[in-house]
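What follows is the residue order along each chain.
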Amino acid sequence: MSENIGDVTEATYELIQKFRCKEIPLCDTIKDINEHISKYCACASIEEFSGDLEWFNVSRPLTFKEDLKGKVILLDFFTYCCINCLHILPDLKRIEREFSVEQGVVVVGVHSAKFDNEKDSTNLLSAIQRYEINHPVVNDSNAVMWNQLGISCWPSIVILGPNAQPLFLVAGEGYREELTLFVQTTLAFFKQNDRMTDLSISDHSLPTALAAHLLPPSLLLFPGKVAYHKGLLAISDTGHHRILITSHEGALKLVVGGSTPGFTDGKPGDARFNNPQGVTFYGSDVVFVADTDNHAIRKIDLSEEGMVSTVAGDGAQGRDKEGGGIGLEQPLNSPWDLCISQVSNSSCGQGDNEVVSKTDVLLIAMAGGHQIWAYFLEDTVWWRDKPFSKGQCVAIAGSGLEENRNNAYPHAAGFAQPSGITSSPQCIFVADSESSSIRRLWLADGKVTAVVGGNVDPQMLFTFGDADGKGRSVRLQHPLGVAFHNGNLYVADTYNHKIKIVRVASDGGVKDASTKSLLGAPKEECVTVLGTGQPGELCGDLNLAQLNEPGGLCATDEADVIFVADTNNHCIKKVNFVQNIVRKVIIASTETDSAPSENVDSVIREIIHFNPHGGTLSILPKLILSENWSYTHGAPVRMEIVYPKTDSGIKWPEKSSGNLAVGPDCEFLPIKIVIPPGSVDTGGTISLKLKVFVCSKNDTCSVKLLVSNLSVVYVENASSEQSLEVMHSIL
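Conventions used here
- Residues numbered from 1 in each chain as written.
- Predicted model: local features only at pLDDT ≥ 70, side-chain atom pairs only at ≥ 80, totals over all residues.
- Heavy atoms only, no water.
- Pairing = 2+ DSSP bridges.
- Helix = DSSP H or I, 4+ residues; strand = E, 2+ residues; numbered from the N terminus.
- Axes fitted to C-alpha atoms, helices over the stretch in contact; angles between N-to-C directions.
- Contact = heavy atoms within 4.5 Å.
- Salt bridge = Lys/Arg side-chain N within 4 Å of Asp/Glu carboxyl O.
- Buried < 20%, exposed > 50% of the residue type's maximum accessible area, 1.4 Å probe, protein only.
- Core = buried A, V, L, I, M, F, W, Y, C linked by side-chain atoms within 4.5 Å.
- Disulfide = S-S within 2.5 Å.
- Expected span 1.5 Å × (residues − 1).
- Arc of directions from axis to C-beta.
- Phe/Tyr/Trp six-rings, centres within 6.5 Å; stacked < 30°, edge-to-face > 60°.
- Lys NZ or Arg CZ within 6 Å of the ring centre and 35° of its normal.

S.K.: I tried to follow the sheet that holds strand β1 (residues 54-56) on my own but got confused; where do I start?
M.R.: Picture the strands of a sheet paired through backbone hydrogen bonds; they go either parallel or antiparallel. Strand order across the open sheet formed by 6 strands is β1-β4-β3-β2-β5-β6, with mixed pairing between neighbours. Of all the strands in the sheet, the pair left with one neighbour each is β1 and β6 (166-171). Taken over all neighbouring pairs, the strand axes of this sheet differ in orientation by 20 degrees on average, direction set aside. Bridge analysis of β1 against strand β4 (residues 137-139) gives 3 bridges, and the strand direction is antiparallel. Residue pairing for β4: Phe 56 is matched across the bridge by Val 137. Against the sheet, helix α5 (residues 121-130) touches β1, β2 (72-78), β3 (105-111) and β4, its axis set at about 15 degrees to β1.

Dropping the structure here:
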């Protein structure tokens, strides 16, 4: 079959060249396509899907012999980490809008993972929901179909005829018009030849069951990035296509954008984004946004009540590898993250009149183009006395080839889907996701060097894993975020579900300033500080807390506090390394989630979506004692339930207290709480406080206070009867 695919592929690209040749009439190209179909429609069908594969967006597995018989099928071989695979999703959606299943066209995603984390069907489900993929998807986790067809790169699209015979194959992106023409011509060919009953087009439907319906109501949906400035957070609520501005404790200040994708400037309620990712503050009044799927940089002006404007990009994906255009005249290619950096601005005069100052520049991790770009906020003279104008957007590092190539010359270096970027006084750090490495771009001269992870071979992008250490011995898995603060470089090691720290100099440079040569830089240590290596959502003690594909993080003005965009858990988490505590930031309209005044040993925060008619919430406490502690003999676990104030109009119960009840298996019994009726988008925070009496091995006894802050938000169609397990650890 792979030999036949090779012939089909070669013939497909010959047709593409004819289509793109302006001198060849379209009618002649269509004639050649029909001859191509006539030649290959008699070929053998590809092998049936394996019966043990997991499917998504359908209620049962599909087969070529029954469900897909009589359909023109586009098999999209993809892996969800791949930016190029994401780029063709709009092309596939366009085809699905133009040709329905009943008209005879079906798109089937075949997920053939690159990274180990992507093989897991639970993680794949989250990606399907995150990227709003609505066609059937099969998890080819062991690449069986990939190997059978001899597929060699992501993305690859194989177009099959109505008897599952391969007709066309294209690899890579940028074939929207060709794919549409191939599908249109193939559909017409077999409809005109419906006398061939085995090859006729069928109008039957498919057993669809969209995975998007499995998503719970949530105030945040797949948040990608988070930024901090003087007590404020900017959150890219990526799945809702909007930006939230909150206090550092979650009090909602401003919502910018709507719940549906679009590309519109204006007031916060009128503006629209499309899968925004990177956010960064510029002073106290401006937030810049990497509007990824709009291929644009947007500006939110907080001094003008959140007015949105576009400063670069025109809404369409660009292929330019150099840039230089001003503002909206410069096309961009999937900007994924942003940071503000101060660079030397040389205003050259005569002799001693040369003036060197610092200028702020907006730096862009251009994931789609595998480069680092800059948007100049002021007229600037930078490397090698090159002038740049205010508003100019330029590629400053990376050749555009997808590589892990370090070089003393910035444009000779290569990046592989850079997805996180952060600034230090001497350099910027880049999370180079597809090479699973952290890179450094020196601000003084543009030199690109390695920090940790990756492979010495610049074209080897499959060196990944989960190992702490130094330099090349470190193993990461598709890191998406970095944040720098005073010598600590925090890394969102996304597919390992961890946060790691790389120890660098306090100014971001290497520890020995005399060894800044490309090959002589000392290795720097990388250690895991949060995450178990398995996806989960547990908060509380730092050593037990879990994450699920964290996509971004930010440092704060507190030396040991960071915020993490815990993407697949649909939340922002605050990490305090001094207190060794991880907690959710509860997004609410008021400061209902401020920290308790008591000396708390463990805090858990959860959002609960409840039906506006009210109902019953059953809370099951789970307490985990380390080997250092045991319960004080005969002492109860005291509980106190504190309800919100009633000034919101919701008739909350009065405060109550008592002892936790214990069942015959010595486990705590559930606590039943009555939730009163309320209106949509209102609610309040219930605090469950537990006082636990424990003794250590040396007979020292104490009282531990464990607090669960449960934020109830009324949401249409949510359940009226819910159960929640709250888990606290006592170390």
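S.K.: For this particular structure, what's the right way to read the pattern of salt bridges?
M.R.: When their charged atoms lie close together, side chains carrying opposite charge are able to pair. In total, this model carries 25 salt bridges according to the counting rule given. Ionic pairing is found between Asp 91 and Arg 176, a salt bridge with its closest N-O pair at 2.7 Å. Separated by 85 residues along the polypeptide, Asp 91 in helix α4 (residues 89-98) and Arg 176 in helix α7 (residues 176-192) bring together distant segments of the chain. Overall, Asp 91 belongs to the buried group, its relative accessible area being 9%. With a relative accessible area of 33%, Arg 176 lands in the partly exposed category. A cluster of three or more residues bridged by salt bridges with shared partners is formed by Asp 466, Asp 468, Asp 493, Lys 498 and Lys 500.

S.K.: Please clarify how unusual backbone geometry should be interpreted in this entry.
M.R.: Across the chain, the bulk of peptide bonds are trans and the bulk of non-glycine residues have phi less than zero. Residue Trp 154 is joined to Pro 155 through a cis peptide bond whose omega torsion reads -15 degrees. Tracing the sequence through the fold places Pro 155 in the loop between α6 (144-149) and β5 (156-160). The backbone of Glu 132 shows a phi angle near 55 degrees, a positive value even though the residue is not glycine. Mapping Glu 132 onto the fold places it in the loop between α5 and β4.

S.K.: How should the pairing of β2 be read in this particular structure?
M.R.: Residues in a regular strand project their side chains so that they alternate between the two faces of the sheet. Here β2 lies mainly inside the structure; 7 of its 7 residues are buried. When β2 meets β3, the two strands line up parallel, connected through 7 bridges. By the bridge assignment for β3, Phe 78 is matched with His 111. Note that β2 and β5 share 5 bridges and pair antiparallel. The residue bridging Leu 74 from the neighbouring strand is Ile 159, located in β5.

S.K.: Can you help me understand the nonpolar core in this one?
M.R.: Across soluble globular proteins, nonpolar side chains show a tendency to be buried alongside one another. Leu 74, Val 105, Ile 157, Ile 159, Phe 168 and Phe 190 are the most contacted members of the largest nonpolar core, which totals 52 residues. In terms of residue count, α7 provides more of this core than any other element does, 7 residues in total. In contact with Phe 168, not counting residues within four places along its chain, are Val 8, Thr 12, Leu 15, Ile 33, His 36, Ile 37, Ile 157, Val 158, Ile 159, Phe 182 and Thr 186. In terms of nonpolar packing, the next biggest core, distinct from the first, is built from 29 residues, Val 637, Ile 641, Ile 671 and Leu 688 among them.

S.K.: Explain the state of the cysteines here, please?
M.R.: Each disulfide is one covalent bond, formed between the sulfur atoms of two cysteines. Considering all chains together, one arrives at 0 disulfides under this definition. Cys 43 takes part in no disulfide bond, and the closest cysteine sulfur to it belongs to Cys 41, at a distance of 8.0 Å. No disulfide involves Cys 539; its sulfur sits 6.2 Å from that of Cys 571, the nearest cysteine. According to the relative accessible area criterion, Cys 539 is buried, its value standing at 8%.

S.K.: When you look at the sheet that holds strand β29 (residues 498-503) in this model, what are you seeing that I'm missing?
M.R.: Ordered by their spatial adjacency, 5 strands build an open sheet running β26-β30-β29-β28-β27, and the pairing between neighbours is antiparallel. With partners counted over all chains shown, the strands left at the sheet margins are β26 (469-470) and β27 (481-485), one partner each.

S.K.: Where do I start with the pairing of strand β24 (residues 437-442) in this structure?
M.R.: By the criterion of burial, β24 is predominantly enclosed, with 6 of the 6 residues buried. Side chains Ser 437, Arg 439 and Leu 441 of β24 all project onto a buried face; the interleaved residues Ile 438, Arg 440 and Trp 442 project onto the opposite face, where all are buried too. Bridge analysis of strand β23 (residues 427-432) against β24 gives 6 bridges, and the strand direction is antiparallel. If you follow Ile 428 over to β24, its bridge partner there is Leu 441. Two elements, β24 and strand β25 (residues 448-453), share 5 bridges in a ladder whose sense is antiparallel.

S.K.: So what exactly am I meant to see when it comes to helix α2 (residues 26-40) here?
M.R.: Given 3.6 residues per helical turn, the α-helix brings residues three or four places apart onto the same face. With 15 residues, α2 extends 21 Å from end C-alpha to end C-alpha; this agrees with the ideal 21 Å at 1.5 Å per step. Of the residues making up α2, those classed as buried are Thr 29, Ile 33, His 36, Ile 37 and Tyr 40. Taken end-on, α2 shows its buried residues confined to a sector of 95 degrees, consistent with a single buried face. Along α2, the residues that are exposed and aim more than 90 degrees away from the buried face are Cys 27, Lys 31 and Lys 39.

S.K.: Could you clarify how one ought to interpret the packing of aromatic side chains in this entry?
M.R.: To describe a pair of aromatic rings, one takes the distance between the centres and the angle between the planes. In total, this model carries 19 aromatic pairs according to the counting rule given. Between Phe 77 and Trp 146, the aromatic rings sit 6.4 Å apart at their centres with planes inclined by 70 degrees, giving edge-to-face as the arrangement. With a gap of 69 residues between them, Phe 77 in strand β2 and Trp 146 in helix α6 connect regions that are remote in the sequence. When its relative accessible area of 0% is taken as the criterion, Phe 77 is described as buried. Judged by its relative accessible area of 11%, Trp 146 falls in the buried class. Taken together through their ring pairs, the aromatic side chains of Phe 77, Trp 146, Trp 154 and Phe 462 make up a single cluster. We note Lys 114 situated over the ring of Phe 462; from NZ or CZ to the ring centre the distance is 5.0 Å. Over the ring of Phe 273 we find Arg 298, and its NZ or CZ is 4.8 Å from the ring centre.

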